[in-house]
Amino acid sequence: MKRLRERRLRVDLRDRPELLLSPAVFVVTVLAWEFAVPAFGIDDYVLPRPTQIFDALRAQLADPLFWGHLKVTVLESGYGFLLGVAAALVLGTAISQVRLIERTFMPYVVAFQTVPKVALAPLFVVWFGFGMTSKVVMAAVISFFPVLVNVIEGLRSADADRIQVLTVFGASRLQVFRMVRLPSALPFLFAGLDIGIVFSILGAVVGEFIGAKEGLGYLLLQTNYNFDIAGMFAVLVVLSVLGLIAHFIIRFARKRLVFWAEENRVIGA
């Protein structure tokens, strides 16, 4: 049994060398960073060493207030992501199925997308206050467009021959949508979700930058005001891990629900 596991491990490493290369790059980068900072005489308050960042991260994880900030950001990004996805699904389906709706609303959607989202954050704070609502709206707005574009392209990518066959046999538009268009759109939808869920975290943090009393964005500003550069890096590490967890959740769901489809090019990045 042990030999069998070793043989499988060798095969996995041979077929997927990134399993070894990815952690190796991380280790080499961290070690180079650790020794390069004192070697080049860089002050710790300018660029802290990884060990200092780890100490700051450990101190934050031991602080109950940190977990409160983390919970707020997770809730803001989660609610905003769900709101943005719901709006994108409704509007994307309508645009892809009704030409009049596309011609009417699509120019406004594209024009809205060209507006820098950071510029909208102060308006959302004025309209919705300093609480969680303004951050949820910000997260929803940023995550909306990638999902929308992928929903539209996915629904339009359905096989025309299959649609024609179903139509000949008397299938309704709803049946065609359920049997052909929706399965064809699912890989595109998950590609948009993969981008949107990361963007939702970005939106929540940007909203916290503008005006908040809690959240990781607020904590990041506090460490900046206190000139705690190691603490700032520690918060950035937490945000990176949070984004990776969200990414892998979507990837896991995709493999479970859309296991038959090959990888599609991501649209709307």
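Residues numbered from 1 in each chain as written. Predicted model: local features only at pLDDT ≥ 70, side-chain atom pairs only at ≥ 80, totals over all residues. Heavy atoms only, no water.

Visitor: Quick question: what am I supposed to make of the overall build of the protein chain here?
Guide: Check the secondary structure of the protein chain and you find 11 helices and 0 strands. Starting at the N terminus, the α and β elements of the protein chain follow one another as α-α-α-α-α-α-α-α-α-α-α. Buried positions account for 38% of the 269 residues belonging to the protein chain. Excluding contacts between residues fewer than 6 apart, the proportion of contacts in the protein chain whose partners are at least 24 apart in sequence is 71%. When the accessible surface of the protein chain is split by element, carbon and sulfur atoms take 69% of a total near 16400 Å². (Helix = DSSP H or I, 4+ residues; strand = E, 2+ residues; numbered from the N terminus. Buried < 20%, exposed > 50% of the residue type's maximum accessible area, 1.4 Å probe, protein only. Contact = heavy atoms within 4.5 Å. Areas by Shrake-Rupley, 256 points an atom, 1.4 Å probe, with all protein chains shown as cover.)

Visitor: Please clarify how the environment of Ser 96 should be interpreted in this entry.
Guide: Here Ser 96 lies in helix H4 (residues 64-97). Assessed through its relative accessible area of 14%, Ser 96 is described here as buried. Not counting chain neighbours up to four residues away, the residues in contact with Ser 96 comprise Ile 152, Leu 155 and Arg 156. A distance of 3.2 Å separates the side chain of Ser 96 from the side chain of Gln 97, its partner in a polar contact. (Polar contact = N/O pair within 3.5 Å; in protein donor to acceptor, adjacent residues only side chain to side chain.)

Visitor: Any chance you could explain the packing of aromatic side chains here in plain terms?
Guide: The description of an aromatic ring pair rests on the distance of the ring centres and on the angle between the ring planes. For the structure shown, the criterion picks out 4 aromatic pairs. Note on Trp 33 and Phe 233: the rings are 5.8 Å apart at their centroids and 65° apart in plane angle, and the pair reads as edge-to-face. Of this pair, Trp 33 sits in helix H2 (residues 18-39) while Phe 233 is found in helix H11 (residues 229-257), placing the two residues 200 residues apart along the sequence. Aromatic side chains Phe 124 and Trp 127 sit 6.1 Å apart centroid to centroid with 55° between the ring planes, which places their arrangement in the tilted category. A residue pair is termed a helical-turn pair when its members lie 3 or 4 positions apart in one helix, as Phe 124 and Trp 127 do in helix H6 (residues 117-128) at 3 residues. You can call Phe 124 buried: its relative accessible area is 7%. (Phe/Tyr/Trp six-rings, centres within 6.5 Å; stacked < 30°, edge-to-face > 60°.)

Visitor: Mind showing me how you'd approach the UniProt feature "transmembrane region" (unreviewed entry) in the protein chain here?
Guide: UniProt feature "transmembrane region" (unreviewed entry): in the numbering of this structure it lies at residues 20-42, 77-96, 108-130, 136-155, 188-210 and 230-250. For residues 108-130, helix accounts for 83% and strand for 0%, while the C-alpha atoms at its two ends are 28 Å apart. Across residues 188-210, helical content stands at 100% and strand content at 0%; the span's end C-alpha atoms are separated by 33 Å. (UniProt positions renumbered as here; feature names shortened; annotations may be inferred.)

Visitor: Where do I start with the nonpolar core in this structure?
Guide: What tends to happen in soluble globular proteins is that the nonpolar side chains get buried as a cluster. Ranked by internal contacts, the top residues of the largest apolar core, which has 38 residues, are Val 147, Leu 148, Leu 193 and Leu 216. Every element with two or more residues in this core is listed here: helix H3 (50-61), H4, helix H7 (132-156), helix H9 (173-210), helix H10 (216-225) and H11. No other element matches H11, which puts 10 residues into this core. In this structure, Val 147 is in contact with Val 85, Ala 88, Leu 189, Gly 192 and Leu 193, ignoring residues within four places of it in sequence. By size, the runner-up hydrophobic cluster in this structure holds 8 residues, among which are Leu 120, Val 141, Ile 142 and Val 206. (Core = buried A, V, L, I, M, F, W, Y, C linked by side-chain atoms within 4.5 Å.)

Visitor: What am I meant to see in the packing of H4 against H9 here?
Guide: Packed helices, taken two at a time, are described by the angle between their axes plus the distance between the axes. Packing of H4 against H9 brings their axes to within 8 Å, and their N-to-C directions diverge by 145°. In terms of crossing hand, the pair formed by H4 and H9 is right-handed. Residues Val 72, Thr 73, Glu 76, Ser 77, Phe 81, Val 85, Leu 89, Thr 93 and Gln 97 of H4 touch H9, and the partners they reach there are Arg 173, Phe 177, Arg 181, Leu 189, Leu 193, Gly 196, Ile 197, Ser 200, Ile 201, Ala 204, Val 205 and Glu 208. Within the contact of H4 with H9, the residues separate by chemical class into 11 nonpolar, 6 polar and 4 charged. (Axes fitted to C-alpha atoms, helices over the stretch in contact; angles between N-to-C directions. Left-handed = near helix turned anticlockwise from the far one by under 90°. Nonpolar A, V, L, I, M, F, W, Y, C, P; charged D, E, K, R; others polar.)

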